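Structure at a glance
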Amino acid sequence: MWAQKTIQIPAKKRGFHLITDEIEQQLPQLRDYSVGLLQLFIQHTSASLTINENADPTVRHDMEKHFNHFVPERAPYYKHTYEGDDDMPAHIKASTLGCSVMIPISNGRLALGTWQGIYLGEHRDYGGSRTIIATVQGEHYQ
C-alpha cells in the first residue's frame, strides 16, 4: 500500500528544529502499517532534513554554530549573492545535509532509535513555511 501527503511546516527561525511530533501528528495513518518505510522530501533548496539527537537541545544549537562556522556568510568567492548574505550558505548547507530522510515503520510507529528525532534545518534568516512530501509504503495490518 502506498500513500502520499503534503505536509506544511510553519515558518521557523534559523537553526535546527526537532519536527518529529509535527510529522507524526500530520500522518496518523502510520498506525495502520505493520511494516513499511516513510520517506520525507523537503521541496526547498535552502532548508534540509536530517536525523539526530532528540533529547538535548544543545545538540541543535551546536549543529547551527558548526554549520555557520563551516559555511560562512559573505565569503568573497560567492557569486550568488543577490538574494541575501544567508542564501548561498543556505544552499550549501542544504546540499551537505540533504533534502530527504527514509525512516522504517514498525508496528504502526516510526522505528527511530531512542535518542533520534527528525530535524528541519532552517538555513535562512526568513525562510518562511516549508513543504515536505511524505511518502509511505508498506503493509497494512491484516
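Right above here is the structure, for reference.
Okay, so let's go over this structure. Along every chain, residues carry numbers that run from 1 in the direction the sequence is written. In keeping with the predicted nature of the model, local features appear solely for residues at pLDDT of at least 70, side-chain atom pairs appear and are counted solely at 80 or more, and the whole-chain, interface and lining totals rest on all residues. Excluding hydrogens and water, the side-chain figures rest on all heavy atoms present in the structure.

Focus: the overall build of the chain
Only DSSP runs of H or I reaching four residues or more are called helices, and only runs of E reaching two or more are called strands; each is numbered from the N terminus. A tally of helices and strands in the chain yields three helices and eight strands. Going residue by residue from the N terminus, the α and β elements of the chain occur as β-β-α-β-β-α-α-β-β-β-β. Here the term buried applies to any residue with accessible area under 20% of the maximum for its type, exposed to any over 50%, and partly exposed to those in between, with areas from a 1.4 Å probe on protein chains only. When each of the 142 residues of the chain is scored for burial, the buried share is 41%. Here a residue-residue contact requires only that any non-hydrogen atoms of the pair lie within 4.5 Å. In the chain, of all internal contacts separated by at least 6 residues, the share reaching a separation of at least 24 is 82%.

Here's the deal with unusual backbone geometry
A positive phi angle is found at Arg 74, which is not glycine, with a value near 60°. Note on placement: Arg 74 falls in the loop between α2 (57–70) and α3 (87–97). In the Ramachandran plot, Asn 107 falls in the positive-phi region, its phi being about 55° despite a non-glycine side chain. Within the fold, Asn 107 resides in the loop between β5 (100–106) and β6 (109–110).

Some points on the side chain of Thr 131
By secondary structure assignment, the location of Thr 131 is in strand β8 (residues 130–140). Discounting residues that sit within four places of it in the chain, Thr 131 has contacts with Thr 6, Ile 7, Gln 8, Phe 41, Ile 42, Gln 43 and His 44.

With respect to α3
Of all the positions in α3, only Asp 87, Pro 89, Ala 90, His 91, Lys 93, Ala 94 and Leu 97 are classed as buried. Taken together, the buried residues of α3 touch β2 (15–18), β4 (47–53) and α2. Directly after α3, the chain includes Gly 98, whose backbone phi takes a positive value near 110°.

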